[in-house]
Structures are given as structure tokens and as C-alpha cells.
Amino acid sequence: MLKAAASLKVFYTQLIHVTCLAHAVHRVAEDIRSRFTNVNAIIYTVKKVFLKAPSRIFSFKTALPNISLPQQPVLTRWGTWLHAALYNADYLGDIQKVVQTFDEEQAVAIIEANAAISSSSVSADLAYVKSNFGNLPGAITALEARDLHLVKAVKIMRGIEENLNQAPGSVVTVIVDKFNRILQRNPGWKVMAIAGRTNTSESILRDTTQQSIPPTLHRGGHSSPSTLVTSLYFSEMREMAPPPTHDGLKIHTTTKQIFDLMQHLLRDLKQEYHTYSFPRYKPIQVFDKRLPPNMLTEDL
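Fair warning: this is a prediction, and the values are worked out from it, not measured in the lab.

Definitions and cut-offs
Residues numbered from 1 in each chain as written. Predicted model: local features only at pLDDT ≥ 70, side-chain atom pairs only at ≥ 80, totals over all residues. Heavy atoms only, no water. Helix = DSSP H or I, 4+ residues; strand = E, 2+ residues; numbered from the N terminus. Buried < 20%, exposed > 50% of the residue type's maximum accessible area, 1.4 Å probe, protein only. Contact = heavy atoms within 4.5 Å. Areas by Shrake-Rupley, 256 points an atom, 1.4 Å probe, with all protein chains shown as cover. Salt bridge = Lys/Arg side-chain N within 4 Å of Asp/Glu carboxyl O. Polar contact = N/O pair within 3.5 Å; in protein donor to acceptor, adjacent residues only side chain to side chain. pLDDT = per-residue confidence, 0-100. Phe/Tyr/Trp six-rings, centres within 6.5 Å; stacked < 30°, edge-to-face > 60°. Axes fitted to C-alpha atoms, helices over the stretch in contact; angles between N-to-C directions. Parallel < 35°, antiparallel > 145°, perpendicular 65-115°, else oblique. Left-handed = near helix turned anticlockwise from the far one by under 90°. Nonpolar A, V, L, I, M, F, W, Y, C, P; charged D, E, K, R; others polar.

This part covers the overall build of the protein chain. Across its full length, the protein chain holds 13 helices and three strands. Going through the 300 residues of the protein chain one by one, you find that 35% of them count as buried. Contacts in the protein chain between residues at least 24 apart in sequence constitute 65% of all its contacts with a sequence separation of at least 6. As displayed, the protein chain has an accessible area near 18,900 Å², and 53% of this comes from carbon and sulfur atoms.

Shown next, in the form of C-alpha cells:
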């Protein structure tokens, strides 16, 4: 996506490419997971204890009827590991009481879970994750929402940045560096941050109506494909892109190179589109041996 947007930047100098902010926060959450091995061990050993074990699940529900089963995070689902960490931070003592009632000879997972829960630093690590990174799952969910205003998206990212900067410890310093590096690699983040300084989205619309808005290449969340959003066509595209029709946006390309580039981009983004054949002007030569050689072209 970065290379495709950089190529389009040659033709559309005002194009702004913004990568997915929810994915950026998820990458920070992945870094957090890699730095808390004790918490990670508890999450996955407890998960294995209750995985495909109806009798243990029944024992858990009987002992703790008002508490849901332990979270089962999936790495490909953003924020689920942090949800599981917050769950264990709240109910670690209750989980320990239930797991200790199981016979360790039944499964190796029970032995591993008891060893992980009995670790001396696990309670402190869970409390640290909850107090300093507990807002990240909610931020990911909010950034995945449809029709999220620009001001709100920037506000969420600023809130994450402020919370990380205020958190103590050497681990947070590394996480802050990771967060800043991810935002620096986002080509359109600086433009978003400047636009998001206004208090309301109406003020943004009022300011931008006085000047044309460039097309925005926006990479959507994990549940939706990347989309090419062209809100208003700007001065450089007026000859190329007329206003949107009731069927969508109609774009007239001026060169074959741009025509091929748009086709490749839309295919990569998995967008539905329809194209008309690009005109190829080739001279046509006609030979007729029956015509006299001295006939003028104007007489044909």
C-alpha cells in the first residue's frame, strides 16, 4: 500500500495516504504481549485447561456462576489478548481457586496453569498491564467503527499517547518508542493531526469547502477491505474526474499509463469497478488497386 500510494503521489500531488490507525494500535498491543511473558503464560495455559473440557467448564460455572469463562484470545483478532489480560487481572484469585481443585494427573495443562498462576510477579504484571494499557482494547474498537469522524480518531490517538507518556516504568518507554515509530511511518498522520486540532467536524467542513479536497487513500480496518475514498475532486483532477454520478464516481483518464495504474490499484484494493476500453489511436492504411494512380486524396 505504501508503494502504491507513493506511485499515485506522482500523478496526484495532493493525495493523502492514511494507513489504518486501529492496526497501528494493534501492533503496539503485540509489542506489549511480547514483553510480559508471565501474563502470556497464564492466558494460554488457563485457556488450554478449559479448551474442549466440558467437565472443567461445568466445575468453573458451578463455582463461579456470575463470572464468564476465561477469555480465549486469537492473535488475528485485534485486542483480544489485552481483553484476556484484563480479565485475568480482575479474576486471578477466583481462577486460581478453581484450577487448584482439578487433578493435575488429568492433563499437563493443569500443571502448567498452576505453575503460571503461582509465579511471584504475575499479580504485579497483570496490575501493571491493566493500569497502563487497559484503554487500548476500547481504542481499537472505537477506531474500527464506521463513519468515525476525523476529530474523534485523532482524539483517540492523542489520548493513547498521553496515557503512555504518563505511565511509569522502563517497559512503557519502549512501548512509547514503538507507538511513535508506527505513527511516523504513517504518511498521512501529520495531516490528520493538524486537521484534528479543531474542536468540531463542522469547522473542518467549513474550512475545507473554501478549497478543494484531495482524494484520500484510506486503509480500512481488519473487518473491511481497503477503500479508495474520493470525497471531492480537486483542481488537478477536474479534467479527469467529473462529479460523482448516482451510480458512483466516474473517472476519465487522459493517458494509458494512468488508465493502467488505476486498474492495478482498484484490483489491489478489491474494489468493484467498470471500465470502458481505452482508445488507442492507430493510423489505418487502405489499399485499392482499382483506383487510378493520379487520383487526388480529396476526390476519394
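Still more ground to cover, so stick around.
Across all of its chains, the model carries four salt bridges by this definition. Between Asp-31 and Arg-35 there is a salt bridge whose closest N-O contact spans 3.1 Å. Of the two residues, Asp-31 and Arg-35 both sit in helix α2 (residues 21-35), four residues apart, roughly one turn of that helix. Here Asp-31 falls in the buried class, since its relative accessible area comes to 12%. Here Lys-48 makes a salt bridge to Glu-112, at a shortest N to O gap of 3.1 Å. Placement of Lys-48 in helix α3 (residues 37-50) and of Glu-112 in helix α6 (residues 108-117) is noted, with a sequence separation of 64 residues between them. Taking relative accessible area as the criterion, Lys-48 reaches 42% and is therefore assigned partly exposed. Assessed through its relative accessible area of 34%, Glu-112 is described here as partly exposed.

Before going further, it helps to examine the environment of Glu-30. Structurally, the position occupied by Glu-30 is in helix α2. Distance from Glu-30 to Leu-82, taken between C-alpha atoms, is 9.2 Å for residues 52 residues apart in sequence.

Within the secondary structure, Asn-114 sits in helix α6. Non-local contacts of Asn-114, meaning those with residues more than four positions away in its chain, are made with Val-99, Gln-100 and Glu-104.

Okay, the environment of Thr-101 next. Topologically, Thr-101 is positioned in the loop between α5 (80-100) and α6. In this structure the C-alpha to C-alpha distance between Thr-101 and Phe-60, which are 41 residues apart in sequence, comes to 10.0 Å. Reaching out from Thr-101, the side chain makes a polar contact with the backbone oxygen of Val-98 at a distance of 2.4 Å.

A separate point is the confidence of the model for the protein chain. Close inspection of predicted coordinates is inappropriate for parts of the model with low pLDDT. Residues with a pLDDT of 70 or more make up 78% of the protein chain, whose mean pLDDT is 78. Here strand β3 (residues 227-229) stands out as the least confident element of the protein chain, with mean pLDDT 34; helix α4 (residues 54-63) is the most confident, with 94. In this model, residues 199-242 is a region of pLDDT below 50 whose contacts with residues beyond four sequence positions or in other chains number 89 contacts.

Here the focus is the packing of aromatic side chains. According to the stated counting rule, one finds six aromatic pairs in the structure shown. Centroid distance Phe-50 to Phe-60: 5.3 Å. Interplanar angle 75°. Geometry classified as edge-to-face. Here Phe-50, found in helix α3, pairs with Phe-60, found in helix α4; they are 10 residues apart in sequence, far enough to count as distant. The residues Phe-50 and Phe-60 share a single accessibility class, namely buried.

With that out of the way, let us pick up the packing of helix α1 (residues 2-11) against helix α13 (residues 256-268). Direction vectors running N to C along α1 and α13 enclose 150°, while the axes themselves pass 12 Å from each other. Overall, the two elements α1 and α13 adopt an arrangement that is roughly antiparallel. With respect to the hand of their crossing, α1 and α13 are arranged in left-handed fashion. Across the interface between the two elements, Ala-4, Leu-8 and Phe-11 of α1 pack against Gln-257, Ile-258, Leu-261 and Leu-265 of α13. Residues of the contact of α1 with α13, tallied by class, amount to six nonpolar, one polar and no charged.

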